[in-house]
Amino acid sequence: MRKLLAIAALAALGASTAAAQSSWTTELGIQGGFAKIKPAGTKANDAITVFDVPGGSFLFSTLGGGALYAIIPWHNKLAAEVQLGGSQLQTGTTAYTVARIGLRADYALSPQFYAAAGGVLNYTSGFTPQARQLGVQAAVGYRRRLTNTINGRLEANMTATDKKGAGALDVYGVQVGISSSIGGAKAGATSRRANNRAWEPAIGISGGYVSMHVVGSSNAISGVFFPGLGGDLMALAPIAVAPTMFVIIPVGQKLALEPGVDFHSVSNAGTSIKSINVAARLDYAVTSTWYGAAGGHLLSFSRNGGASGTSDGLDFAWGYRFHLAGDFGGRFEGNYSLTAKSTKLAVPAINALSLTFGATMALK
């Protein structure tokens, strides 16, 4: 009997240890949502409010929170989390850079609830004198598995920065994130072979280099954006390129429908700007790795007390896709977009060339 009890106790201890060790897995994810950016010590009506789906890469969107994150298991219930978002925009001879890097420790309070604390570094140049701004961050959140491959989380967080750059800031946010493990086998490729299909359902995010030119002019805007630009230039002009987030939906042996979307909103002192960027295209698998795509996009832009309207255009792409890690796929893609002239928005016809990297999470 004593031996049986000893064996049972060891088994229970082993199960407990395994559960503790499995509190976190190595994951990559993207997040977005609401953030209120307020100069420290001021009233709430002085705040800049942003809402991004998914998280943006330019100006206030980046200062509100890093859109990309990676979770790295550390010890038992602890994990390290790295957050990243940023861009560099070139207009004429002026370059604007905005970046946010976060590093924090995530502690599993239970299988679903967690708390986190750490630091952030905001870097800005072009808008104000070059500045490196340090800060601290804290968060509490709820996480759960959404599908066999996708994890979701809902998080409330707060960041406080020092006085450099734009001055001391208090940032309060509520964000939703989705992530997937980078461990495991090539599940998506195996499933495609088993079903004799070139595509599998997936959700993805992209980012990279963009160059936009006014048709018939040498005027250009270019830059590098992580995550992608999408419609996040709304604070400067009502223009957009291919949406940041996309979903792949197989519709045949070699065809897939790929809708895309990103939403950005910023408001301050009674002024509000909103940008909804949607697109749809057909992806055709030329080989198991190479593909071509064609479709269109629509940007809806509104500014209270200012220009509001829509602009649309055509999109063409050629890309190479591959297995990245675990349930993640990767792709390199060249995109060309032609956006028609919009009289309501006072925007001329624009050519845009994008060279992007995309990461996809299998939906199973």
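Residues numbered from 1 in each chain as written. Predicted model: local features only at pLDDT ≥ 70, side-chain atom pairs only at ≥ 80, totals over all residues. Heavy atoms only, no water.

Before going further, it helps to examine the overall build of the chain. Each helix and strand in the chain was counted, giving 3 helices and 18 strands. When burial is assessed residue by residue, the chain has 45% of its 364 residues classed as buried. Once local pairs closer than 6 in sequence are excluded, the contacts in the chain between residues at least 24 apart make up 58%. By element, 66% of the accessible surface of the chain is carried by carbon and sulfur atoms, the whole surface being about 17000 Å². (Helix = DSSP H or I, 4+ residues; strand = E, 2+ residues; numbered from the N terminus. Buried < 20%, exposed > 50% of the residue type's maximum accessible area, 1.4 Å probe, protein only. Contact = heavy atoms within 4.5 Å. Areas by Shrake-Rupley, 256 points an atom, 1.4 Å probe, with all protein chains shown as cover.)

Overall, the coordinates contain 9 aromatic pairs when judged by the stated rule. Ring centres 5.9 Å apart and planes at 75° place the aromatic pair W24 and Y114 in the edge-to-face group. With W24 in the loop between α1 (2-21) and β1 (27-39) and Y114 in strand β6 (residues 113-125), this residue pair connects regions lying 90 residues apart in the sequence. For Y114, a relative accessible area of 1% translates into the label buried. The ring of W24 has R143 lying over it, and the distance from NZ or CZ to the ring centre is 3.8 Å. Above the plane of the ring of W199 lies R321, whose end atom (NZ or CZ) is 3.8 Å from the centre. (Phe/Tyr/Trp six-rings, centres within 6.5 Å; stacked < 30°, edge-to-face > 60°. Lys NZ or Arg CZ within 6 Å of the ring centre and 35° of its normal.)

Time to look at the environment of Q175. Within the secondary structure layout, Q175 lies in strand β9 (residues 169-181). Residue class for Q175 comes out buried when judged on its relative accessible area of 9%. Considered as a pair, Q175 and A35 are 140 residues apart in the sequence and their alpha carbons are 8.1 Å apart. With residues up to four places along the chain from it excluded, the contact list for Q175 reads Q31, G32, G33, F34, G64, G65, R153, L154, E155 and N157. For Q175, the side chain forms a polar contact with the side chain of N157, separated by 3.3 Å. (Polar contact = N/O pair within 3.5 Å; in protein donor to acceptor, adjacent residues only side chain to side chain.)

Moving on, we come to the pattern of salt bridges. For the structure on display, the rule yields 12 salt bridges. Taking the shortest distance from any N to any O, the salt bridge between R281 and D283 comes out at 2.8 Å. Just as R281 is buried, D283 falls in that class too. Here E333 ties to R281 by a salt bridge, and the two come within 2.8 Å at their closest N and O atoms. Linking E333 in strand β17 (residues 328-339) with R281 in strand β14 (residues 271-285), this pair joins segments that are 52 residues apart in sequence. Shared partners join several salt bridges into a network, and the residues in it are E81, R104, D106, R153 and E155. (Salt bridge = Lys/Arg side-chain N within 4 Å of Asp/Glu carboxyl O.)

For the chain, the mean per-residue pLDDT works out to 85, and 87% of the residues sit at or above 70. Below pLDDT 50 for its whole length, residues 1-21 participates in 3 contacts with residues either more than four positions away or in separate chains. (pLDDT = per-residue confidence, 0-100.)

One ladder, built from 7 bridges, connects strand β3 (residues 68-75) with strand β4 (residues 78-91); its direction is antiparallel. Residue L68 lies in a different strand from β4, and its bridge partner there is L84. In this sheet, strand β5 (residues 94-108) lies alongside β4 in antiparallel orientation, the contact comprising 14 bridges. Within β5, the residue paired with G86 across the bridge is A99. Where β4 folds back onto β5 in an antiparallel hairpin, the turn is made up of 2 residues, including G92, whose phi is positive at roughly 65°. (Pairing = 2+ DSSP bridges.)

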